[in-house]
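Examination of the molecular architecture
If you want the building blocks of each chain, they are given just below.
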Amino acid sequence: MRIFSHVQFALILALSPLLNLSSQVLPDDVRSWQLVKTFIQETGSPLENIDRKSFQTRLTGEAAKIDIEKLKGRWPRFIDVYIDTIISLHERYRKVPGNKEENIPDCIDTILNSALAITTYSNGIYESYSFFCEYDSIWRIESWRQFPSMEERQAISDSILDLDTTAGDYLRQRSILTTLLLEEKSQVEVFMWIRTDATKIAQQLLRSSNWKEFDLTELELDLIGEYDALDDDLTPTELLLHRLNPSALSRLSTQGISKIIRYHHIGKKFYPLFELGNFQDKSVGFLYAPDSIPTPPLSKDMFFTMRPVDSNWWLYKGVLEPSSVSDKNSPVPQQSTQEKTEKGDGSLKRRSLTKRKNDKSQFLIPKE
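Criteria and cut-off values
Residues numbered from 1 in each chain as written. Predicted model: local features only at pLDDT ≥ 70, side-chain atom pairs only at ≥ 80, totals over all residues. Heavy atoms only, no water. Pairing = 2+ DSSP bridges. Helix = DSSP H or I, 4+ residues; strand = E, 2+ residues; numbered from the N terminus. Axes fitted to C-alpha atoms, helices over the stretch in contact; angles between N-to-C directions. Contact = heavy atoms within 4.5 Å. Core = buried A, V, L, I, M, F, W, Y, C linked by side-chain atoms within 4.5 Å. Buried < 20%, exposed > 50% of the residue type's maximum accessible area, 1.4 Å probe, protein only. Parallel < 35°, antiparallel > 145°, perpendicular 65-115°, else oblique. Left-handed = near helix turned anticlockwise from the far one by under 90°. Phe/Tyr/Trp six-rings, centres within 6.5 Å; stacked < 30°, edge-to-face > 60°. Expected span 1.5 Å × (residues − 1). Arc of directions from axis to C-beta. Salt bridge = Lys/Arg side-chain N within 4 Å of Asp/Glu carboxyl O. pLDDT = per-residue confidence, 0-100.

What follows is about the sheet that holds strand S4 (residues 139–145). Here four strands make up an open sheet; going across it, the order is S1-S2-S3-S4 and the pairing antiparallel. Two strands in the sheet have a free side with no partner beyond their single neighbour: strand S1 (80–96) and S4. Put simply, the sheet's adjacent strands are angled 25° from each other on average, direction ignored. As defined by bridge partners, S1 adjoins strand S2 (residues 107–122) across 14 bridges and the pair is classed as antiparallel. Bridge pairing in S2 places Ile-83 opposite Ile-118. Docked against the sheet, helix H2 (residues 32–43) engages S1, S2, strand S3 (125–135) and S4, running at close to 120° with respect to S1.

Structure follows, in structure tokens:
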């Protein structure tokens, strides 16, 4: 039997923390989803015995600029990670210079890209993320997106508390902001209530180019008369609005849709976006993509979340590029605000379909 001296025993005790250190050096053949799970469950956990610096080689691009030691405790211990979808993105190519002295020619290196939609669960809370990964010889994490992030969630909560309770649209604005805080599965449940109306409206809007955006919070849908579409002084946009089903628009508004946005993709092709709400530069809602038009590509800088919710329908989260979104002004030209007056022929003159602005009711942006 081997007997250790006091010096050897003391040395073992001193080295024990290092011996227990969990190495973050992963095998080269680790897949992207395994990489992301390790990143969340180990590197981002509050565990002490993690060699986080060894994981640095698995970060690239935007993610490589983050101090990996500061990620400690970003996620709770023993958090569950569910991989919802893995989507292959377009490949990228880069030129690798050769070596003339060793007679090695230049070559083109292929960079594979993938996006992972994941859901974490801990203490009764679900959170959704989109991870963007790259592969040359091994998989690396390039970036990840979440909306709302912890900081954005706090800002939205503060905005709800700062809303003017005396404003006429207080309940509406509170509802929009509260919807942004819902888990994705709860936002998807909203779509189940609007699916029929939204599909009919979307298909009708796809056949017309005479619209830019319908702000359902600003339209007086109850003023749309049964025979208003027969008036000869309607603009093309007004005519389209009057031809849409006002009851369907009203139900969409009641169920949480705040805007319908014309979002351009390639050339004349566009998608109707049914927006639940927006905060700062990010938008959340449902996108309708007919079979003839491919869905917008996933991107960390544009649509970073695209989850299928029904045939041709996607839950989207992302930044809407100003160049792709039509003018955000109301599509209904400002009419006279006078009340209905008698015309010579006994008919009634139409009132504005746009609600009067309330100086107190503005979509609140968090204070600096």
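This part is about the nonpolar core. By size, the foremost hydrophobic cluster in this structure holds 54 residues, and its most contacted members are Phe-214 and Leu-252. The element that contributes the greatest number of residues to this core is helix H6 (residues 184–206), accounting for seven residues. Sequence-distant contacts of Leu-252, that is, excluding residues within four places in its chain, are made with Ile-194, Asp-197, Ala-198, Ile-201, Leu-216, Ile-257, Ile-260 and Phe-274.

Listed as buried for helix H7 (residues 236–243) are Thr-237, Glu-238, Leu-240, Leu-241 and His-242. Where the residues of H7 are buried, they touch H6, strand S5 (213–215) and helix H8 (246–254).

Interaxial distance between H6 and H8 falls to 9 Å at its minimum, and their mutual angle equals 130°. On the basis of their axis angle, the class for H6 and H8 is oblique. Relative to H8, H6 is oriented so that their crossing is left-handed. When H6 is examined against H8, the residues Ile-194, Asp-197, Ala-198 and Ile-201 are found in contact with a partner set consisting of Ala-248, Leu-249, Arg-251 and Leu-252.

Evaluated as defined, the whole model comprises 17 aromatic pairs. Aromatic pair Phe-39 and Phe-131: ring centres 6.1 Å apart, planes at 75°, arrangement edge-to-face. Taken as a pair, Phe-39 in helix H2 and Phe-131 in strand S3 lie far apart in primary sequence, 92 residues in all. Here the two residues Phe-39 and Phe-131 agree in accessibility, since each one is buried. Pairing Tyr-129 with Phe-131 gives two aromatic rings, centres 6.4 Å apart and planes at 50°, and the pair type is tilted.

Read from one edge to the other, the open sheet built from six strands follows the order S5-S6-S7-S8-S10-S9, with strand pairing classed as antiparallel. Bordering the open sheet on either side are S5 and strand S9 (303–310), each of which pairs with just one other strand. For this sheet the average axis-to-axis angle between neighbouring strands, irrespective of direction, equals 30°. Of the pairings in the sheet, the one linking S9 to strand S10 (residues 313–318) comprises six bridges and is antiparallel in character. Following the sheet pairing, Asp-310 is matched in S10 by Trp-313.

Given 3.6 residues per turn, any residue in an α-helix points the same way as the ones three and four places further on. For helix H4 (residues 150–162), spanning 13 residues, the distance from its first C-alpha to its last is 19 Å, which sits close to the expected 18 Å at 1.5 Å a residue. Among all positions in H4, only Glu-152, Ala-155, Ile-156, Ser-159 and Ile-160 are buried. Looking straight down H4, one finds its buried side chains confined to an arc of 145°; they lie on one side. More than 90 degrees from the buried face of H4, the exposed residues found are Glu-151 and Leu-161. Close packing links the buried residues of H4 with helix H5 (170–180), strand S7 (270–279) and strand S8 (282–288).

A separate point is the environment of Phe-270. For Phe-270, the location among the structural elements is in strand S7. The class of Phe-270 is buried, set by a relative accessible area of 6%. Along the chain, Phe-270 and Tyr-288 lie 18 residues apart, while their C-alpha atoms are 9.5 Å from each other. Residues within four places of Phe-270 in sequence aside, it is in contact with Leu-205, Leu-206, Ser-208, Trp-211, Arg-262, Tyr-263, His-264, His-265 and Ile-293.

Turning to the pattern of salt bridges, a few remarks are in order. Enumeration according to the criterion identifies 14 salt bridges in this entry. Among the salt bridges present, the one from Asp-310 reaches Arg-195, with a minimum N-O distance of 3.9 Å. Placement of Asp-310 in strand S9 and of Arg-195 in helix H6 is noted, with a sequence separation of 115 residues between them. Looking at Asp-310, the relative accessible area reads 30%, which means it is partly exposed.

With that settled, consider the environment of Val-96. With respect to the helices and strands, Val-96 occurs in strand S1. Each C-alpha atom of the pair Val-96 and Asp-109 lies 6.5 Å from the other, and the pair is 13 residues apart in sequence. Apart from the residues lying within four places of it in its own chain, the contact partners of Val-96 are Asp-106, Cys-107 and Asp-109.

When pLDDT is averaged across the chain, the result is 81; 78% of the residues are at 70 or more. Low pLDDT, under 50, characterises residues 356–368; the stretch is placed with 25 contacts to residues that sit more than four places away or in other chains.

Looking along a regular strand, one sees side chains alternate from face to face of the sheet. By the criterion of burial, S4 is predominantly enclosed, with six of the seven residues buried. Counting the residues in the hairpin turn of S3 and S4 gives three residues.

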